[in-house]
Amino acid sequence: MKLQSSNIKFLRDAAIQEFVLECSSMHSIMKAVNQVAGFDVNVLITGESGTGKELLAKIIHLLSPRAVNPFVPVNCGVLSGMMFEDKLFGHEKGAFTGAIRRKKGCFEMAHQGTLFLDEISELPVENQVDFLRVLEDFRFRRIGGEKQIRVMIRLISATNKNLKSLIKVDSFREDLFYRIQVVPIHLPPLRKRREAIPKMVDQFLNQMAAKYKKPKPSVTSELINIFLRYDWPGNVRELKNIIERVFIVNDKNVISPSSLPSDFLWHFQEPPQMMDLAQVRKTAETKAILEVLNRTGWDKEKAARILNISPRTLRYKLLKFNIKIS
Ligand SMILES: Nc1ncnc2c1ncn2[C@@H]1O[C@H](COP(=O)(O)OP(=O)(O)OP(=O)(O)O)[C@@H](O)[C@H]1O
Ligand SMILES: [Mg+2]
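Residues numbered from 1 in each chain as written. Chains lettered and ligands numbered in written order. Predicted model: local features only at pLDDT ≥ 70, side-chain atom pairs only at ≥ 80, totals over all residues. Heavy atoms only, no water.

Engineer: Even after reading the chapter, I still don't get the overall build of the protein chain, so can you show me in this structure?
Structural biologist: From N to C terminus, the protein chain includes 15 helices and 11 strands. Seen through its C-alpha atoms, the protein chain measures out along the principal axes to roughly 70 × 45 × 40 Å. Contacts spanning at least 24 positions in sequence make up 74% of the contacts within the protein chain whose residues lie at least 6 apart. Summed over its atoms, the accessible surface of the protein chain is roughly 17,600 Å², and 53% of this surface lies on carbon and sulfur atoms. One way to put it: in the protein chain the 51 positive side-chain charges average out to a point 3 Å from where the 35 negative ones average out. (Helix = DSSP H or I, 4+ residues; strand = E, 2+ residues; numbered from the N terminus. Contact = heavy atoms within 4.5 Å. Areas by Shrake-Rupley, 256 points an atom, 1.4 Å probe, with all protein chains shown as cover. Lys, Arg positive; Asp, Glu negative; His and termini not counted. Charge placed at Lys NZ, Arg CZ, Asp CG, Glu CD.)

Structure below.
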């Protein structure tokens, strides 16, 4: 579906306004983005989880001549084998049991627009060769189809992993790496651009006020100081989540450190004096669990996976350590 150019301008201005820069490294990134956005060059955006990779990919698309056409995100991590091919290339009616009608894949849906390959490092190794072949000339067949289809797309990929290390252990193809990474853009973690935090807090409060139709509170300098001291392992997403949580429950016209949830303030507690091993273990485990929960926006399934424990064990530990969202 094509968008009208007045709508594009609106979307582009909104996305650019949303994207807080406030530091020299981010200004340099935006300069590079403005230089490359207009050309159909493949871009690889790297950066830790929650640093704004998807938001930046959308901005690149909206700044490009392809902006009137679709921006199609696809998460390479969730599917493998035939399911992955189906998601990307689609299928013809009757191609397999359950294929009751023809279905376009992401490549076709992104025709004339931008295909955003998120978590590219998770692309199953068995799919990487075929995938590379398609990226050579953008020709493919739908599953069960005879006809060759050719699409014209711009490719933006993103990852929070170091692809060069994955190449060394044979879990990512080097040729594929050089195909997707013509222009590399690295988004620094939030702890390396702390000067942007006050502006982000202000902007997220504006967003929440509009979203929940509630007046925007002010924030104390003590609160900002706490935010400036914290390391933000979940980066901008974690900051946005905490602001949203505080905003929803806050009923005053000012937000101070006492408004912060206990699981967040916990990070600033002094380590226990006693070296009782059970206590040390509990402290360390609680800290790790809270960190991952905050990073994943309290998605317990995802958190359990990152912590390498079963969701059941995580539920048990939450009860045992009395960890709850507050
Ligand atoms: N510089 C920024 N200014 C304002 N908001 C931002 C900025 N960067 C990211 N955000 C917001 O933070 C959230 C996370 O951003 P995004 O989804 O783009 O991160 P990501 O790097 O793709 O994360 P992941 O690796 O987990 O997929 C989004 O709500 C996004 O709008
Ligand atoms: Mg993302």
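Engineer: Looking at this model, I keep getting lost on the nonpolar core. Mind explaining?
Structural biologist: Taken as a class, soluble globular proteins show a tendency for nonpolar side chains to be buried jointly. Among the nonpolar cores identified, the biggest contains 32 residues, and Phe107, Leu115, Ile120, Phe131, Phe172 and Ile180 are the most heavily contacted of them. Put simply, the parts of the chain that give this core at least two residues each are β2 (71-75), α4 (81-89), α5 (106-109), β5 (114-118), α6 (125-137), α7 (163-168) and α8 (174-180). Looking at this core, the element that brings in the most residues is α6, giving four residues. Residues in contact with Phe172, not counting those within four places in the same chain, are Ile120, Ser121, Gln128, Leu163, Leu166, Ile167, Phe177 and Ile180. (Core = buried A, V, L, I, M, F, W, Y, C linked by side-chain atoms within 4.5 Å. Buried < 20%, exposed > 50% of the residue type's maximum accessible area, 1.4 Å probe, protein only.)

Engineer: It is not clear to me how the domain arrangement of the protein chain should be interpreted in this structure. Could you clarify?
Structural biologist: Accessible area lost upon the coming together of the parts serves often as the stated size of an interface. The domains assigned to the protein chain are domain 1 (5-188), domain 2 (193-260) and domain 3 (270-326). Between domain 2 and domain 3, the contact holds six residues from the first and seven residues from the second. The contact between domain 2 and domain 3 buries some 580 Å² in all, and 49% of this surface belongs to carbon and sulfur atoms. Broken down residue by residue, the surface that domain 2 buries against domain 3 is led by Pro233, Glu238 and Arg245, which jointly contribute 65%. In this assembly, domain 2 and domain 3 are joined by zero salt bridges. Taken together, the links from domain 2 to domain 3 amount to one residue pair in polar contact (both at pLDDT 80 or more). When its residues are assigned to classes, the side of domain 2 that touches domain 3 shows one nonpolar, two polar and three charged. (Domains from an automatic or database assignment. Buried area = accessible area lost by both parts, 1.4 Å probe. Salt bridge = Lys/Arg side-chain N within 4 Å of Asp/Glu carboxyl O. Polar contact = N/O pair within 3.5 Å; in protein donor to acceptor, adjacent residues only side chain to side chain. Nonpolar A, V, L, I, M, F, W, Y, C, P; charged D, E, K, R; others polar.)

Engineer: Mind showing me how you'd approach the packing of aromatic side chains here?
Structural biologist: Each aromatic ring pair is characterised by the separation of its centres together with the angle its planes make. Tallying each qualifying case throughout the model produces 14 aromatic pairs. When the ring of Phe107 is compared with that of Phe138, the centres are 6.3 Å apart and the planes differ by 50°; the resulting orientation is tilted. Taken as a pair, Phe107 in helix α5 and Phe138 in the loop between α6 and β6 (139-140) lie far apart in primary sequence, 31 residues in all. Exposure class is identical for Phe107 and Phe138. Each is buried. Among the aromatic residues, those joined into a ring-pair cluster are Phe84, Phe89, Phe107, Phe131, Phe138 and Phe140. Here the basic side chain of Lys214 rests over the ring of Phe247, its NZ or CZ set 4.9 Å away from the ring centre. (Phe/Tyr/Trp six-rings, centres within 6.5 Å; stacked < 30°, edge-to-face > 60°. Lys NZ or Arg CZ within 6 Å of the ring centre and 35° of its normal.)

Engineer: Looking at this structure, I do not really get the site of ligand 1. What am I missing?
Structural biologist: Close contacts around ligand 1 come from 16 residues, with Val20, Ser49, Gly50, Lys53 and Arg237 the closest. The separation between an oxygen atom of ligand 1 and a polar side-chain atom of Lys53 is 2.6 Å. The fraction of the free accessible surface of ligand 1 (640 Å²) that becomes covered by protein chains is 87%. For the shell around ligand 1, the secondary structure elements donating two or more residues are α3 (53-63), α9 (197-212) and α11 (235-249). Of the residues that constitute the shell around ligand 1, the class distribution is six nonpolar, four polar and six charged. Counting contributing residues per domain, the shell around ligand 1 is built from domain 1 (5-188) and domain 2 (193-260), each supplying no fewer than three. (Near = heavy atom within 4 Å.)

Engineer: For this particular structure, what's the right way to read the pattern of salt bridges?
Structural biologist: When the charged atoms of two side chains with opposite charge come close together, those side chains can pair. By the definition in use, this model includes 19 salt bridges. When the shortest N-O distance is used, the salt bridge between Glu108 and Arg142 registers 2.8 Å. Taken together, the residues span a long stretch of sequence, with Glu108 in helix α5 and Arg142 in the loop between β6 and β7 (149-150) at a distance of 34 residues. Each member of the pair Glu108 and Arg142 is classed as buried. Here the residues in one salt-bridge network are Glu92, Arg102, Glu108 and Arg142, joined through shared partners.

Engineer: Got a minute to help me understand the sheet that holds β2 in this structure?
Structural biologist: The strands making up a sheet associate through backbone hydrogen bonding, with each pair oriented either parallel or antiparallel. Read from one edge of the open sheet, five strands run β2-β5-β8-β1-β9, paired in parallel fashion. Two strands bound the open sheet, and with one partner strand each, they are β2 and β9 (183-186). Strand-to-strand twist of the sheet, defined as the mean angle between neighbouring strand axes without regard to direction, takes the value 20°. In this sheet, β9 lies alongside strand β1 (residues 43-46) in parallel orientation, the contact comprising four bridges. Looking across to β9, one finds that Thr46 is bridged to His186. (Pairing = 2+ DSSP bridges. Axes fitted to C-alpha atoms, helices over the stretch in contact; angles between N-to-C directions.)

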